[in-house]
Amino acid sequence: MTTERTHVIVGASLAGAKAAETLREEGFEGRIVLVGAEDERPYERPPLSKDYLRGEAGREKVYVHDEDFYAEHDIELRLGRTATGLDTANHELEVDTGERLRYDRLLLATGAQPRRLSIPGAGLDGVYYLRSVLDSDALRERLDRGGSVVVIGAGWIGAEVAASARQRGLDVTVVEPASVPLERVLGAEVGGIYRDLHTDHGVRMLMGTGVEAIEGGAAVERVRTGDGRELDCDFVVVGVGVEPRTGLAAQAGLAVGDGIQVDELLETSVPGVFAAGDVANARHPVLGERIRVEHWANALNQGPAAARNMLGKASAYDRLPYFFSDQYDVGMEYTGFARSWERVVFRGDPATREFVAFWLVEDRVVAGMNVNVWEVTDPIKRLIRERVPVDDRRLSDPDVPLDQLASRHASVST
Ligand SMILES: Cc1cc2nc3c(=O)[nH]c(=O)nc-3n(C[C@H](O)[C@H](O)[C@H](O)COP(=O)(O)OP(=O)(O)OC[C@H]3O[C@@H](n4cnc5c(N)ncnc54)[C@H](O)[C@@H]3O)c2cc1C
């Protein structure tokens, strides 16, 4: 009988792969098993709607680690394997091969999957979703053939796919029930800037209506909207959000609710079982509430944080949410978290697409977004994290350095 400790990670994507790397970095000498349902070694998804989708970047760009990394670090990478059962009482994970893996600590990094449409015609040929590199390959191949596409949903994925398709010269229509793209996160005012950006690039933006049906013989021929339009098209891309993959956790009796519920240490309701990345609904010590973040930086940092806690470091995960997006020649970074706010203050003219927007509650910044302005994330983080009171006039004045506004305190770690 072996006394070697075994840490098992389910989900071989960004959070899982970074967690495995961190276990070794932190000196764990036992067995590490990384189980992933996809056949591809861990990769990053952001390029899949951007340069990789447009054919401007190759496969090598997307991988989290070099091919040899896992063997070199004695990480057992089980690709094309799905974890099908979890017995927390006996510390056993069952894999679809029938193998039962005994673990000392377990990390669930099972991520999220696209929400599927359930309207008439949703199963026709020519309806695309985008989550995996294989999805991106299929969509890229379709973009290569040109034609017209209807993008259903103007969230981040829909907006980026619309931009990439337009950049590839396709005829693009976006249909979105909200009044502007990205409304849930950015609000009507800032979302309107993205509507105008797409319109200026020749995308038809049909806001305030949904899609009732996708029609065609064997394949997509048109889309019917709630406001009675019939939009002829060659194919459809659906980007209507994702849902966390909680099946394994729920079946094992872990606390689940909009993701796998974890505490500040990213530990689930069952001691010794952790969760990180898109699937984790974590108590956030700075924000004072539970949040589930579906973004790259969260997976990048939570995986390692969970790994350290698996080794008993007991360190709370308190980074502020951060994400980025690139559409056409407009890049942005968003820092913070705002379910609601009282007003938005701009530094710079939004019409120039070079500005910073701040979301405020009373005299505090709760989120900030820099658009084609760089190197300002640290002061924005400080403003939010340290709850520095701000004056709108100074906040909007580009001549007042953000560092100065946020300089009440020394620099912070996130
Ligand atoms: C097209 C696209 C573009 C994006 N662009 C951006 C961007 O610009 N900026 C940004 O901040 N974020 C972006 N994101 C979001 C970012 O990629 C995700 O937040 C990140 O991938 C989450 O990583 P994760 O490891 O938590 O989960 P995932 O990447 O979802 O990976 C989870 C993995 O677990 C596997 N798995 C699930 N269940 C099991 C099981 N039972 N057994 C074995 N394996 C299992 C899945 O197959 C998957 O490989 C984008 C996402 C997509 C899809």
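Residues numbered from 1 in each chain as written. Predicted model: local features only at pLDDT ≥ 70, side-chain atom pairs only at ≥ 80, totals over all residues. Heavy atoms only, no water.

S.K.: Teacher, can you tell me more about helix α7 (residues 296-310) here?
M.R.: In an α-helix, one full turn covers 3.6 residues, which means residues spaced three or four apart are oriented alike. An ideal rise of 1.5 Å per residue puts 21 Å on 15 residues; α7 measures up with 21 Å between its terminal C-alpha atoms. Buried residues dominate α7, accounting for twelve of its 15 residues. Among the residues of α7, those classed as buried are A297, N298, A299, N301, Q302, G303, P304, A305, A306, A307, N309 and M310. Where the residues of α7 are buried, they touch β1 (6-10), α1 (14-25), β7 (105-108), β19 (273-275), β20 (280-284) and β22 (322-327). After α7 finishes, the residue G312 shows a positive phi value of roughly 90°. (Helix = DSSP H or I, 4+ residues; strand = E, 2+ residues; numbered from the N terminus. Expected span 1.5 Å × (residues − 1). Buried < 20%, exposed > 50% of the residue type's maximum accessible area, 1.4 Å probe, protein only. Contact = heavy atoms within 4.5 Å.)

S.K.: Looking at this structure, how should I read the sheet that holds strand β21 (residues 289-292)?
M.R.: Neighbouring strands of a sheet are bound in pairs by backbone hydrogen bonds; such pairs are parallel or else antiparallel. Strand order in the open sheet formed by three strands is β18-β20-β21, with mixed pairing between adjacent strands. This sheet does not close on itself; its edge strands, each paired only once, are β18 (260-262) and β21. The sheet shows a mean angle of 30° between the axes of neighbouring strands, direction not considered. With three bridges connecting them, β18 and β20 associate as parallel partners. The residue of β20 that forms the bridge with V262 is A282. (Pairing = 2+ DSSP bridges. Axes fitted to C-alpha atoms, helices over the stretch in contact; angles between N-to-C directions.)

S.K.: Looking at this model, I keep getting lost on the site of the ligand. Mind explaining?
M.R.: Neighbouring residues of the ligand: 34 residues in total, closest E38, R45, K50, R131 and D278. The separation between an oxygen atom of the ligand and a polar side-chain atom of K50 is 2.5 Å. Between the ligand and the protein, one listed contact pairs an oxygen atom with a side-chain N or O atom of D278 at 2.7 Å. Burial of the ligand by the surrounding chains reaches 94%, relative to a free accessible area of 1,000 Å². Of all elements in the fold, only α1, β2 (31-36), α4 (156-167), α7 and β22 reach the threshold of two or more residues within the shell around the ligand. Looking at the shell around the ligand residue by residue, the classes come out as 16 nonpolar, nine polar and nine charged. (Near = heavy atom within 4 Å. Polar contact = N/O pair within 3.5 Å; in protein donor to acceptor, adjacent residues only side chain to side chain. Areas by Shrake-Rupley, 256 points an atom, 1.4 Å probe, with all protein chains shown as cover. Nonpolar A, V, L, I, M, F, W, Y, C, P; charged D, E, K, R; others polar.)

S.K.: When you look at the pattern of salt bridges in this model, what are you seeing that I'm missing?
M.R.: Once the charged atoms of two side chains with opposite charge are near each other, the side chains can pair. Considering all chains together, one arrives at 37 salt bridges under this definition. The residue R45 makes a salt bridge to E38 at a minimum N-O spacing of 2.9 Å. Measuring nitrogen to oxygen at the nearest pair gives 4.0 Å for the salt bridge that ties E60 to R41. Pair noted here: E60 is in the loop between β2 and α2 (69-72) and R41 is in the loop between β2 and α2, with a separation of 19 residues, a long-range link. The exposed category is assigned to E60, whose relative accessible area is 61%. Looking at R41, the relative accessible area reads 12%, which means it is buried. When salt bridges with common partners are traced through the structure, they connect E212, E215, E221, R222 and R224 into a single cluster. (Salt bridge = Lys/Arg side-chain N within 4 Å of Asp/Glu carboxyl O.)

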